[in-house]
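Listed here are the chains, written in short residue letters.
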Amino acid sequence: EGDSYTLDFTSGFINDFAGNFATTDLLSNGSISYSDTTAPTVTRFSSITADGSYKLGASINIRATLSEAVIAGSSLDVTLSTNDTVTLTVGLVGTELNGTYIVGAGDNSSDLTVSSFTKGSVKDKAGNSMISTTLPVNANLANQSAIVIDTTVPTTTLTSVVFDSSTNKLIVTGTNLDALGVSMGSDIKSLQLFDWSKFVWDINGDNETTANKIFIENNIASVVVTNATTLTITLTELAKDELLATNGFGFEGEADTLDVTAGFIKDFAGNFATTDGLS
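This report concerns the structure included in the present document. (Residues numbered from 1 in each chain as written. Predicted model: local features only at pLDDT ≥ 70, side-chain atom pairs only at ≥ 80, totals over all residues. Heavy atoms only, no water.)

1. Quick word on the sheet that holds strand 11 (residues 147-150)
One open sheet accounts for three strands, arranged 4-11-9; its pairing is mixed. Only two strands of the sheet have a single partner each, and these edge strands are strand 4 (52-54) and strand 9 (108-109). In this sheet, strand 11 lies alongside strand 4 in parallel orientation, the contact comprising three bridges. Counted as the bridge partner of G52 is I147 from strand 11. (Pairing = 2+ DSSP bridges. Helix = DSSP H or I, 4+ residues; strand = E, 2+ residues; numbered from the N terminus.)

So, in structure tokens, the structure goes:
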């Protein structure tokens, strides 16, 4: 890489058994030839990006590990299972080429992999260029199957709600709640799939009363997707008492409503629903 190298010997490099040093073994600018004729290959594709689900605009590192060090500026292109192409490069001499995949609109893959790659301009320090574009056995990324690309917006809708003050439960009905991909019957509050600022108890249903109850996460004891059409939200005892004590609650004045702004619900990848508004 760069300028050629030479081998220099100073006179007296060699001596015999009696300890007599040679005076004629001087070598200056001796030329060096390399016997390396093996081309570099890709031994592994991987990613240092954390396992999980990724939505539109997310960045994911893609890495190719090579069989030997290659010169600065070496690059190759990989095609992913999302049909996107990413260029991997090495800045300095090394065995790893890196690039960044940005999740695009419509990209989806339950198991992000490298489906193919080009030989590009990869060259080792002896001048051998990459020839083989055979995928290594472990072409899957991040522990083989742990990166999910999901840009599909949940189609969940909300249609009505019943409040049972004896059990502190809000029984919300809707459709496609199973699209969130969570376990039915399990408490999913800790997964933080809900924006509680968009979940409002509207006193008198006029969307104007200053006493409206805007919920916060600490008001919620548990959240359970009971089935594809039922979301069961249990309030804390304190939150229930605050709600019952709100001026105009329930049968006082006009009927109350539940106002939910679209985007209240999101999936594991962070895609917010656009159809879950309830007024």
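After that view, the rundown keeps rolling.
2. Here we look at the nonpolar core
In this structure, F194, F199, L231, I233 and F264 are the most contacted members of the largest nonpolar core, which totals 28 residues. Counting residues per element, the ones that place at least two in this core are strand 13 (169-175), strand 14 (199-202), strand 16 (220-227), strand 17 (230-235), helix 1 (237-245) and strand 18 (257-260). Apart from the residues lying within four places of it in its own chain, the contact partners of F194 are I188, V223, L231, F264 and I265. Membership of the second largest hydrophobic core comes to 25 residues, among which are V70, L97, V103 and V122. (Core = buried A, V, L, I, M, F, W, Y, C linked by side-chain atoms within 4.5 Å. Buried < 20%, exposed > 50% of the residue type's maximum accessible area, 1.4 Å probe, protein only. Contact = heavy atoms within 4.5 Å.)

3. Considerations on the pairing of strand 12 (residues 157-164)
Every regular strand shows the same layout, with side chains that alternate between the two sheet faces. Inspection of the sheet shows strand 12 paired to strand 13 by seven bridges, in the antiparallel sense. Bridging from a neighbouring strand, D164 pairs with K169 of strand 13. Between the end of strand 12 and the start of strand 13, which pair antiparallel, lie four residues, with N168 showing a positive phi angle near 65°.

4. Remarks on the pattern of salt bridges
Tallied over the entire structure, the rule returns four salt bridges. Across the pair R63 and E96 runs a salt bridge whose closest N-O atoms are separated by 3.6 Å. Here the residue R63 occupies a position in strand 5 (residues 59-70), and E96 occupies one in strand 8 (residues 94-102), the gap between them amounting to 33 residues. Since its relative accessible area comes to 18%, R63 is described here as buried. Take E96: its relative accessible area is 34%, and that puts it in the partly exposed class. (Salt bridge = Lys/Arg side-chain N within 4 Å of Asp/Glu carboxyl O.)

5. A look at the sheet that holds strand 13
Pairing in this open sheet of four strands is antiparallel, and the strands run 12-13-17-16 from one edge to the other. Of all strands in the sheet, those with a lone pairing partner are strand 12 and strand 16, marking the two edges. Across the sheet, the mean angle separating the axes of adjacent strands is 20° when strand polarity is ignored. (Axes fitted to C-alpha atoms, helices over the stretch in contact; angles between N-to-C directions.)

6. Thoughts on the environment of L92
With respect to the secondary-structure elements, L92 resides in the loop between strand 7 (85-89) and strand 8. What makes L92 exposed here is its relative accessible area of 68%. Between the C-alpha atoms of L92 and S74, which are 18 residues apart in sequence, the distance is 9.0 Å. Not counting chain neighbours up to four residues away, the residues in contact with L92 comprise V70 and A72.

7. Brief notes about helix 1
For helix 1, every residue scored as buried is listed here: A239, K240 and L243. All buried residues of helix 1 fall inside an arc of 100° around its axis, so they share one side. With respect to the buried face of helix 1, the exposed residues turned more than 90 degrees away are L238 and A245. Against the buried residues of helix 1 lie strand 12, strand 14, strand 15 (213-214) and strand 17. (Arc of directions from axis to C-beta.)

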